[in-house]
Amino acid sequence: SVSNKDVILRVDNLDKSLKATQANMMELLEATQDQIQALLDSTMQQLDETVAEAKAEIYSEVDHVKSDVDVYVAQTQDQFSVENSFMVYQIAGTFTLISCLISMWHMTAHIRRFNEPFVQRKILAILWMSPIYSTTSWLSLVWPNLEGYLAIIKDFYEAYVIYQFLAFCIAVLGKGDRKAVVDLLAEHAGHLSPPTRFWGCWRKQHFESPWAMADAVLLQCQVFTMQFVLFRPLTTLALFVLARVDYWGGGTPGNGYDYRSPQLYLTIIQNVSVFVAFSGLLKFYHAVQDNLSWCRPFPKF
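Residues numbered from 1 in each chain as written. Predicted model: local features only at pLDDT ≥ 70, side-chain atom pairs only at ≥ 80, totals over all residues. Heavy atoms only, no water.

## Brief notes about the confidence of the model for the chain
Reading predicted coordinates in detail is not appropriate for stretches of low pLDDT. The following threshold applies: Confidence of the predictor in every single residue is expressed as pLDDT, which spans 0 to 100. Every helix listed is a DSSP run of H or I at least four residues long, and every strand listed is a run of E at least two residues long, numbered separately from the N terminus.
Residues with a pLDDT of 70 or more make up 91% of the chain, whose mean pLDDT is 83. When the elements of the chain are averaged for pLDDT, helix H8 (residues 297–300) gives the smallest value, 66, and helix H3 (residues 129–142) the largest, 90.

Have a look at this one:
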């Protein structure tokens, strides 16, 4: 017969067996979880490496394509730029050649009929302005690095021509005789404004005769235009030297309008000089415009 003690012993054995089985199952489950986690980590690492390699390869291909596109765009732009520049050189060169030929035709016409040397020498000097100005401008367009040197030549001759224009008007009126021009101005003394005085301007000027005032006015007009012949080349040379040495004083580099840079004051001197020169020219022309009406110098200027 089975006693209660045997039943209790059997239950205890079964309980121990169950707990042992549970422990084994838990160990197996944990081992399986570790294996699955290790496998999952390994798979994720492999996936990350594969994705990184694919990403790097895609980026490399994109950079390569982008580089090829940039090279093609740069080459295309360079080609278009060369073609456009060549077209600009052709157009500018054509007009430069035309202006030179027209000026040469006028100059040869004067040389063939050199009847008034004193007047025609001034005309020839003025006619040279167009070839010199157009040629230096075209060369500056073709070789930009020579622009500064060519600008000096252009500005030198521009200043010279400004005075030559006044000399031309004087030569037309006086045929080389300054006194004849003064006599002509004296005839218009009624509407001649007295010379501008920079010192002692509060005192009224007195002239012994209309001829004396006409002589003073003519001298002032000549001085006004002659100062441009002096200041224009000097300021151009100064600006060129400052640009070559890249000197801007205390101002911002590249900003020629900074009050601390010497370029600003040189530009002001240039503009004031131009204004004074044109004032002298216009003052003289206004006084004798009726006598010069036959050759119409104003539109020519």
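## Let's talk about the nonpolar core
A general tendency of soluble globular proteins is for nonpolar side chains to be buried together. Applicable threshold: In these notes, a set of buried Ala, Val, Leu, Ile, Met, Phe, Trp, Tyr and Cys residues joined through side-chain atoms within 4.5 Å is what counts as a nonpolar core. Accessible area is worked out with a 1.4 Å probe on protein chains only. A residue is then buried under 20% of its type maximum, exposed over 50%, and partly exposed in between.
Leu173, Leu185, Leu192, Leu218, Phe284, Val288 and Leu292 are the most contacted members of the largest nonpolar core, which totals 30 residues. Going through the elements one at a time, helix H2 (117–127), helix H4 (147–174), helix H5 (178–187), helix H6 (210–245) and helix H7 (262–288) are the ones with two or more residues in this core. Counting residues per element, this core draws most heavily on H4, which supplies 10 residues.

## With respect to a negative patch on the surface
Formally: Distance thresholds for patches are 9 Å for like charges and 5 Å for nonpolar side chains (Val, Leu, Ile, Met, Phe, Trp, Tyr), applied to residues having over 30% relative accessible area and no salt bridge. Surface accessibility in these figures is a Shrake-Rupley result with a 1.4 Å probe; residues are shielded only by whichever protein chains are displayed. Whenever a carboxyl oxygen of Asp or Glu lies within 4 Å of a side-chain nitrogen of Lys or Arg, that contact is scored as a salt bridge. Within this scheme the basic residues Lys and Arg register as positive and the acidic residues Asp and Glu register as negative, but His and the chain ends are omitted. Each charge is placed at NZ for Lys, CZ for Arg, CG for Asp and CD for Glu.
Together, Asp48, Glu49, Glu53, Glu57 and Glu61 give the surface a local cluster of negative charge. Exposure remark for Glu57: the relative accessible area of 53% places this residue in the exposed category.

## Considering the environment of Cys100
Our working definition: Note on definitions: a residue-residue contact is assigned when non-hydrogen atoms from the two residues lie within 4.5 Å.
Here Cys100 is to be found in helix H1 (residues 4–112). Classification of Cys100 as buried rests on a relative accessible area of 16%. For the pair formed by Cys100 and Tyr133, sequence separation is 33 residues and the distance between their alpha carbons is 9.8 Å. What Cys100 contacts, discounting residues up to four positions off in sequence, is Pro131, Ser134 and Thr135.

## Notes on the side chain of Ser134
As a reminder of what qualifies: Any pair of nitrogen or oxygen atoms within 3.5 Å is treated as a polar contact; in protein, a donor-acceptor pairing is required on top of that, and neighbouring residues in sequence qualify only through side-chain atoms on both sides.
Its place among the elements puts Ser134 in helix H3. A residue is classified by how much of its surface remains accessible, and Ser134, at 14% relative accessible area, is buried. Within the structure, the side chain of Ser134 is placed 3.3 Å from the side chain of Ser99, a separation counted as a polar contact. Apart from residues no more than four positions distant in its own chain, Ser134 is found in contact with Thr96, Ser99 and Cys100.

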